[in-house]
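# Commentary on secondary and tertiary structure
Spelled out from the first residue to the last, the chains are:
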Amino acid sequence: MAKKASRTREARQRRQKQRRQNRWMILLLAIVIVAIVAVAMVVVSNQPVEAHIPPDLSERYDGVSRSFSVAGYPQLGDLNAPVTLVEYASFACPGCEALHSDSFDAILDRIRGGQVLFTYVPMQTGSIPNAQGAARAALCAGRQGMFWEMHDVLFDWQSLYANTAYSQNRLLAGAEGLGLNTTTLTDCFNSAAISGTLSSAMTEDVAGTPTLQVNGVTIIAERAGSVPSTAEILKAIDDATPNNWGMPDEPPEDFAEESADLSGQEAETETQTQVEAGEAAEELDPTSSAGAALSAADAETPAAAEEDAAEESAGEEDSGDSDAIAAVEATATVQEPAPEQEQGLEAAAEANDG
């Protein structure tokens, strides 16, 4: 009986020892597997990855003003533009990528023309993994002045690489491809400023992405459940634009100077015309100064006029005196007789009377 109990105890000990050995083997195997996976991940992450950069990105935004809102949202266009267009979108949202591909070029034309101030609010919706990483990468690229280039790159990657579009190594490769400082980008990635901007975006009261608002009014697509079309977006922009937009409040300075010169010339011409008209009126109007002088001269020599008529009927007996009177009368039609001329007229009249 004692032997049987001893054998049972030994068998139990052997089983316990075997179980301990099995546990150690399992643990060791797990450690090996984890190590292999970790090494594989390091190798994969360090291998070059394709990060396509669309051509002509910098030229696309030449001459367009860039800024950030108070909340840190990237803005594009004139801060004094008559229309504000706000897009609530995510780089991981397929509908947002469709809107970008279909309509952003047309929107950019309105931005470049000074009609629209465009604001991008970075949301984290969508089915593509690492939406937050993509948003952080774009905002940090903006800290180096290239948000909009990274914005275009990320939407391009969504259609190219699908679920692997925003892997960490691809984001870093894309930053390098854009000429960004990757060390600065990495330091910025989890900064309080970027986290604050993303937190602010999460508090925005929108139903989904993409959402477009023109001067605070949401654009509703004509077809329910679809993204607004380019035509609908442009119509909303034009409807919100003041009728007098683009008309200068005051004429240009050179135009004002030219108008002043023309006004001065017109005034001078009008004055000259008035002077000439006045001279002509004086010659023709007996009530003018010259006309009055002529009438006075005629009134002062009534006898001479009567004598002239008599001389003409008598055969011009005294042609010399008549010629003198005619000369005086001719002179009187041009200017007012001087005192000496008045005396000459009186003498001629006396001679005729004699």
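Residues numbered from 1 in each chain as written. Predicted model: local features only at pLDDT ≥ 70, side-chain atom pairs only at ≥ 80, totals over all residues. Heavy atoms only, no water.

### What to know about the overall build of the protein
Regarding its fold elements, the protein presents 14 helices and six strands. Here the protein, with 354 residues, has 32% of them falling under the buried criterion. Across the protein, contacts joining residues at least 24 apart in sequence account for 77% of those joining residues at least 6 apart. As displayed, the protein has an accessible area near 21400 Å², and 54% of this comes from carbon and sulfur atoms. (Helix = DSSP H or I, 4+ residues; strand = E, 2+ residues; numbered from the N terminus. Buried < 20%, exposed > 50% of the residue type's maximum accessible area, 1.4 Å probe, protein only. Contact = heavy atoms within 4.5 Å. Areas by Shrake-Rupley, 256 points an atom, 1.4 Å probe, with all protein chains shown as cover.)

### Comments concerning the state of the cysteines
In the structure shown here, the tally under the stated rule is one disulfide. One disulfide in the model links C140 with C188; its S-S distance is 2.2 Å. In this structure, the disulfide formed by C140 and C188 twists by about -90 degrees around the S-S bond and is classed as left-handed. Residue C140 is found in helix α4 (residues 131-143), and its partner C188 is found in helix α7 (residues 182-189); the two are separated by 48 residues along the sequence. For the residue pair C140 and C188, the accessibility class agrees, reading buried in each case. (Disulfide = S-S within 2.5 Å.)

### Section: the nonpolar core
Within the largest apolar cluster, 56 residues are counted, with the highest numbers of intra-cluster contacts made by L76, F91, F118, M150, L154, W157 and Y166. Excluding residues within four positions of it along the chain, F91 makes contact with Y120, A134, A135, A138, F147, H151, L154, F155, Q158 and Y166. (Core = buried A, V, L, I, M, F, W, Y, C linked by side-chain atoms within 4.5 Å.)

### Comments concerning helix α6 (residues 168-177)
When we look at burial in α6, the residues that qualify are R170, L171, G174 and A175. Each buried residue of α6 lies within a common arc of 140 degrees when the element is viewed along its axis, so the set occupies one face. Where α6 is buried, its residues touch α4, α5 (147-161) and α7. (Arc of directions from axis to C-beta.)

### Overview of the sheet that holds strand β6 (residues 217-218)
Overall, mixed pairing links the six strands, which are arranged β1-β2-β4-β3-β5-β6 in an open sheet. Strands at the two margins of the open sheet, each flanked by one partner only, are β1 (66-68) and β6. The sheet contact formed by strand β3 (residues 83-89) and strand β5 (residues 211-214) spans four bridges and is antiparallel. Bridge pairing in β5 places V86 opposite Q213. The strands touched by helix α3 (residues 94-112) are β2 (74-76), β3, β4 (116-122) and β5; relative to β4, the strand with the most contacts, the crossing angle is about 150 degrees. Contacts between helix α9 (residues 230-240) and the sheet are confined to β3, β4 and β5, with β5 contributing the most and set at about 20 degrees to the helix. (Pairing = 2+ DSSP bridges. Axes fitted to C-alpha atoms, helices over the stretch in contact; angles between N-to-C directions.)

### With respect to helix α8 (residues 192-202)
Three- or four-residue spacings in an α-helix give side chains the same orientation, since the helix completes a turn every 3.6 residues. Within α8, burial applies to I194, T197, L198 and A201. What you see down the axis of α8 is that its buried residues fit within an arc of 95 degrees, all on one side. Exposed residues on α8 whose side chains face more than 90 degrees from its buried face are A192 and M202. Lining the buried residues of α8 we find β4, α4 and α7.

### Some words on the pairing of β3
Of all seven residues making up β3, six are buried, and the element is well covered by its neighbours. In this sheet, β4 lies alongside β3 in parallel orientation, the contact comprising seven bridges. Note on β4: the bridge partner recorded for A89 is P122. Considered for its hand, the β-α-β crossover made up of β3, α3 and β4 is right-handed. (Right-handed = clockwise from strand over helix to strand, strands pointing away.)

### Thoughts on the layout of surface pockets
Quantified by volume, the largest pocket comes out at close to 180 Å³. Lining the largest pocket are P210, T211, L212, T218, I219, I220, A221, G225, S226, V227 and P228. Here the lining of the largest pocket is composed, by residue class, of seven nonpolar, four polar and no charged. (1 Å grid on protein atoms, 1.4 Å probe; cavity = no way out; pocket = protein on both sides within 12 Å on 5 of 7 lines; lining within 4 Å. Points joined across faces, edges and corners; volume = space filled by probe spheres on them. Nonpolar A, V, L, I, M, F, W, Y, C, P; charged D, E, K, R; others polar.)

### Structural notes on the packing of α4 against α7
Pairs of packed helices are described in terms of their axes, by the angle between the two and the distance that separates them. Where α4 meets α7, the axes come as close as 9 Å, and the angle between the chain directions of the two elements is 125 degrees. Taken together, the axis directions place α4 and α7 in an arrangement best described as oblique. With respect to the hand of their crossing, α4 and α7 are arranged in right-handed fashion. When α4 is examined against α7, the residues G133, R136, A137, C140, A141 and R143 are found in contact with a partner set consisting of L185, C188 and F189. When its residues are assigned to classes, the contact of α4 with α7 shows six nonpolar, one polar and two charged. (Parallel < 35°, antiparallel > 145°, perpendicular 65-115°, else oblique. Left-handed = near helix turned anticlockwise from the far one by under 90°.)

### Thoughts on unusual backbone geometry
The amide bond that connects T209 to the next residue, P210, takes the cis arrangement and shows omega of -5 degrees. Here P210 is to be found in the loop between α8 and β5. Even without a glycine there, the phi angle at D56 is positive, about 60 degrees. By the secondary structure assignment, D56 is in the loop between α1 (2-46) and α2 (57-60). The class of D56 is exposed, set by a relative accessible area of 55%. Residues other than glycine seldom take positive phi values, yet A162 does so here, at roughly 55 degrees. Here A162 is to be found in the loop between α5 and α6.

### A look at the side chain of D152
Within the secondary structure layout, D152 lies in helix α5. A distance of 2.7 Å separates the side chain of D152 from the side chain of R60, its partner in a polar contact. (Polar contact = N/O pair within 3.5 Å; in protein donor to acceptor, adjacent residues only side chain to side chain.)

Purely geometric stuff here, so don't read any function into it on its own.
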